[in-house]
Amino acid sequence: MEAFQYWIQGFSVATLPINLLYAFIGCILGTLIGVLPGLGPAAGTAILIPITFNLDPIGAIIMLAAIYYGAMYGGTITSVLVNVPGEAASVITCLDGYQMAKQGRAGPALGIAAIGSFIGGTFATFALMVVSLPLASFALRFGPPEVFALLVVGLSLVTGLSGRSVLAALLMTLFGLMLAMVGMDPVRGAPRFTLGLPPLYDGVGFIPVVMGLFGVGEILLSMEAPVLNVIKTKLTDLLPKRKEWKVASGAIGRGTFIGFFLGLIPGIGAIIPTFLAYVVEKKVSKHPEKFGTGIIEGVASPETANNSYANGAMVPLLSLGIPGSPTLAVLMGAFIIHGLTPGPFLFKERPDVVWGLIASMYLGNVMLLILNLPLVGFWAKLLELRHQYLYPGILLFCIIGAYSLNQSVFDVGLMVLFGVLGYIFRKVDWPLAPTILALILGPMMERALRTSLEMSAGDITILVTRPISAILLIIAAVVLLSPAVRLLAQKAGKD
Amino acid sequence: MKRTWQVACILFLAGAVVMLISSFEYPYKDRLGPGPGFFPFWLSLIVVGLSIALLFQITRGQKAPYGSESPYPNRQGAGRILIVLVALVGSLAMLDYLGFRISLLLFLLFLPIALGIRQWWVVSLFALAGSFGIFHVFYHWLKVPLPMGFFGL
């Protein structure tokens, strides 16, 4: 009954004309970010934070969340028409989507992606409503040791699931934690590692780092081969053929479940659910050999999983305060900028924000479906923009975004520096997501650990003697050590 | 790629050693519990250990964790990257002195031309819209503070 009242409250907030407008603008901007190559959802959301400075917190969060899930829709368009994913989660869509476009069937590919995304997103939002409140109520029992252990699990999952080498991914996580050490000590308030530079007293800015690593870094990488070959195709027929609906509906159903449940695991990222949905579809198919040749279920399943994941991943963010991906970390940063802290207390203190946001996600999914089907042709036209205008334009917004948070040219410099680092890390294939998550979670982690040790008078076993904390730390250890164990087992097998 | 990974490990190792030494400047413990030096000390110590472990794995290990592709861009790509970096650093240097509008006007004039566009009037329009136009939208409509420079522009 309590949940039902919250739902009503959420819809009353989300359906305010001004909030509907913010959701609509967010959907448009998000799709644009997803469409534009060289601008991923993390950097895109970060760039657009300044436009929310003067909005009330609910409106700002509704708009930024719409940008986030809108970008998931937009990424498909480039995958189908250019064979370049607009964002990483759309990589797998290239396989069949691009082949369909080459056969002159880009319309149905984009159409089924929009419909699948709508169904997946809507179901996941409904499940988010059901799951998040009990989870947040449970998390309210957590003390500092449990919070520390939970953050360790979140970072371990991001680390264990990214990149070619767990050791390299771990170093990237710790790099983020090292960056988080710069600035005021989160417990005592003493400045640390500031090199005597006043702008560093507030710490290494999260927004310039995200824009550098994901925005400038991506553009530098794109400059190596900036020309896109857009497939010229008529986009008149957007709906699949009648017999394709049957296979597509099964794929959409399976993609929805896979996306949502993987979204609940912090740190899994959007790529794994899409790949898994594709693999499952191939396994259950009567003609697996046709995957990769341009079949509708090869587009429907990953695209559905992608949006279902995007909405499902809001569960750990809202209920536990753990962002599962760099884009959600940016969203968490935006919450903090607007004076809100995602996590169990937000449900108690600002139910209007939480439930207003969740309700707006329903409406946003409807808006995206309405926007995307008729506007596919328009978005496709944007891909014909020349890179000599596109990339300077994106950089312009990066500069505004980096500067405006603290009105600091130092932050713009920081963005450029991290842009170069982002380019280098991409080239050597070291994952960037762990750094971002560690940077935002670092102060919380340090605070939780130090408070735990204060509680136990310096006895570290407090982390393993409390059951929830112990279980969480075991999960983290399993995630991090499993590649090493697998390697040792392989070696033993060979010997 | 092997050399690049080794260099990255050494840089991480160096950074962690610097942080480890710097962490001694802050109290490890105070009367309430762990001090400001506690977390950085252990963190940098772990990074030192992991950097050495990865370096060892790359140098001695049988199975390479890196790909076979070259990490270096081709000549043209490197040229374009350099152009973007020059433009970014240039605008960064000018931003506080010339203000947003002039700095970004120059930035948006320079980049498309340096990247090969020769339609001067289109570039000029693009640069004007991107600098003065965007300034108007962000500064006046969205109330986002942007640098004005010495000339109030």
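Residues numbered from 1 in each chain as written. Chains lettered and ligands numbered in written order. Predicted model: local features only at pLDDT ≥ 70, side-chain atom pairs only at ≥ 80, totals over all residues. Heavy atoms only, no water.

A. Representation of the overall build of chain A. A tally of regular secondary structure across chain A gives 21 helices and two strands. Taking 23 Å as the expected radius of gyration for a compact globule of 495 residues, we find that chain A reaches 22 Å, a close match to that expectation. Projected onto its principal axes, the C-alpha positions of chain A cover 70 × 60 × 55 Å. Counting the 495 residues in chain A, one finds 63% classified as buried. The contacts in chain A between residues at least 6 apart in sequence include a share of 79% that link residues at least 24 apart. If you sum the accessible surface of chain A, you get close to 17,500 Å²; carbon and sulfur atoms cover 68% of it. Across chain A, the centroid of the 29 positively charged side chains sits 9 Å from that of the 24 negatively charged ones. (Helix = DSSP H or I, 4+ residues; strand = E, 2+ residues; numbered from the N terminus. Rg over C-alpha atoms; globule rule 2.2 N^0.38 Å. Buried < 20%, exposed > 50% of the residue type's maximum accessible area, 1.4 Å probe, protein only. Contact = heavy atoms within 4.5 Å. Areas by Shrake-Rupley, 256 points an atom, 1.4 Å probe, with all protein chains shown as cover. Lys, Arg positive; Asp, Glu negative; His and termini not counted. Charge placed at Lys NZ, Arg CZ, Asp CG, Glu CD.)

B. Quick look at helix α4 (residues 57-82) of chain A. Residues and elements named next belong to chain A. Here α4 spans 37 Å end to end across 26 residues, near enough to the 38 Å set by a 1.5 Å rise per residue. Counting buried residues in α4 gives 25 out of 26 residues, a clear majority hidden from the surface. Just beyond α4, the residue with positive phi is asparagine 83, at close to 65 degrees. (Expected span 1.5 Å × (residues − 1).)

C. Expanded view of the domain arrangement of chain B. When its domains are assigned, chain B resolves into domain 1 (2-60) and domain 2 (75-141). Averaged C-alpha coordinates put domain 1 of chain B and domain 2 of chain B at centres separated by 40 Å. (Domains from an automatic or database assignment.)

D. Expanded view of the pattern of salt bridges. Residue and element names in this part refer to chain A. Tallying each qualifying case throughout the model produces ten salt bridges over all chains. In this structure, the salt-bridge partner of arginine 466 is glutamate 146, at a minimum N-O distance of 2.9 Å. Residue arginine 466 is found in the loop between α20 (462-465) and α21 (467-494), and its partner glutamate 146 is found in helix α7 (residues 144-160); the two are separated by 320 residues along the sequence. The partly exposed category is assigned to arginine 466, whose relative accessible area is 28%. (Salt bridge = Lys/Arg side-chain N within 4 Å of Asp/Glu carboxyl O.)

E. Region of interest: the interface of chain B and chain A. Counting from both sides, the interface comprises 70 residues of chain B and, opposite them, 55 residues of chain A. Counting each side, the surface lost to burial between chain B and chain A is near 5,700 Å², with a carbon and sulfur contribution of 79%. At the junction of chain B with chain A, the criterion picks out one salt bridge. Inspection of the region where chain B meets chain A yields eleven residue pairs in polar contact (both at pLDDT 80 or more). Mapped by element, the contributors of at least two residues to the side of chain B that touches chain A are α1 (2-23), β2 (33-34), α2 (38-60), α3 (75-114) and α4 (120-141) of chain B. Here the side of chain B that touches chain A takes 17 residues from α3(B), the largest share from any one element. Its residues assigned to classes, the side of chain B that touches chain A comprises 50 nonpolar, 15 polar and five charged. (Buried area = accessible area lost by both parts, 1.4 Å probe. Polar contact = N/O pair within 3.5 Å; in protein donor to acceptor, adjacent residues only side chain to side chain. Nonpolar A, V, L, I, M, F, W, Y, C, P; charged D, E, K, R; others polar.)

F. Representation of empty space enclosed by the protein in the model. Residue and element names in this part refer to chain A. Inspection of every chain in the model, using the stated rule, returns one cavity of 30 Å³ or more. Looking at the largest cavity, its volume works out to about 80 Å³. Taken together, Tyr73, Thr76, Ile77, Leu110, Ala113, Ala114, Ser117, Glu303, Asn372 and Val376 form the lining of the largest cavity. Sorting the residues of the lining of the largest cavity by element identifies α4, α6 (106-139) and α16 (351-382) as the ones contributing at least two each. If you tally residues by element for the lining of the largest cavity, the top one is α6, at four residues. (1 Å grid on protein atoms, 1.4 Å probe; cavity = no way out; pocket = protein on both sides within 12 Å on 5 of 7 lines; lining within 4 Å. Points joined across faces, edges and corners; volume = space filled by probe spheres on them.)

G. Here's a closer look at unusual backbone geometry. All names here are of chain A. One non-glycine residue, leucine 195, lies in the positive phi region at around 55 degrees. In this fold, leucine 195 is placed in the loop between β2 (191-192) and α9 (206-222). Owing to a relative accessible area of 73%, leucine 195 belongs among the exposed residues under this scheme. Positive phi values are uncommon outside glycine, yet aspartate 429 reaches one of about 65 degrees. In this structure aspartate 429 comes out as partly exposed when scored by relative accessible area, which is 30%.

H. Quick look at the environment of B:Gln6. Residues and elements named next belong to chain B. Structurally, glutamine 6 is set in helix α1. Separated by 122 residues in sequence, glutamine 6 and leucine 128 have C-alpha atoms that sit 46 Å apart. Here glutamine 6 is in contact with Leu55, Ile58 and Thr59, once residues within four sequence places are set aside.

I. Spotlight on the packing of aromatic side chains. Evaluation of the coordinates by the stated rule reveals 26 aromatic pairs over all chains. When the ring of A:Tyr278 is compared with that of A:Phe291, the centres are 5.4 Å apart and the planes differ by 90 degrees; the resulting orientation is edge-to-face. A residue pair is termed long-range when its members are at least 10 positions apart, and A:Tyr278 in helix α11 (residues 271-284) and A:Phe291 in the loop between α11 and α12 (297-312) qualify at 13 residues. The exposure class of A:Phe291 is buried, given its relative accessible area of 8%. Here the aromatic rings of B:Phe135 and B:Tyr139 are separated by 4.8 Å at their centres, their planes lie at 15 degrees, and the arrangement is stacked. Taken as a pair, B:Phe135 and B:Tyr139 lie in helix α4 at a separation of four residues, close to a single helical turn. Taking the relative accessible area as the measure of exposure, B:Phe135 reaches 2% and is therefore buried. Aromatic rings pair up to connect A:Phe175, A:Phe425, A:Trp430, B:Trp5 and B:Phe12 into one cluster. (Phe/Tyr/Trp six-rings, centres within 6.5 Å; stacked < 30°, edge-to-face > 60°.)

J. Expanded view of the confidence of the model for chain B. Predicted confidence across chain B gives a mean pLDDT of 90, with 95% of residues reaching 70 or more. In the predicted assembly, ipTM is 0.94 and pTM is 0.87. (pLDDT = per-residue confidence, 0-100.)

K. Broad picture of the environment of A:Pro351. Residues and elements named next belong to chain A. By the element assignment, proline 351 lies in helix α16. By relative accessible area, which is 16% here, proline 351 ends up buried. Sequence separation between proline 351 and alanine 180 is 171 residues; the distance between their C-alpha atoms is 30 Å. Among all residues touching proline 351, those that are not within four sequence positions of it are Tyr6, Gln9, Leu346 and Gly356.

L. Seen up close, the side chain of A:Ser325. All names here are of chain A. Locating serine 325 in the fold gives a position in the loop between α13 (314-320) and α14 (326-337). When its relative accessible area of 9% is taken as the criterion, serine 325 is described as buried. The contact partners of serine 325, leaving out residues within four places of it in the chain, are Tyr309 and Leu437.

M. Inspection of helix α3 (residues 41-48) of chain A at higher detail. Of all the eight residues making up α3(A), eight are buried; the element is thus mostly covered by neighbouring parts of the structure. Buried-residue contacts for α3(A) involve α2 (17-35), α4, α9, α14 and α17 (387-404) of chain A.

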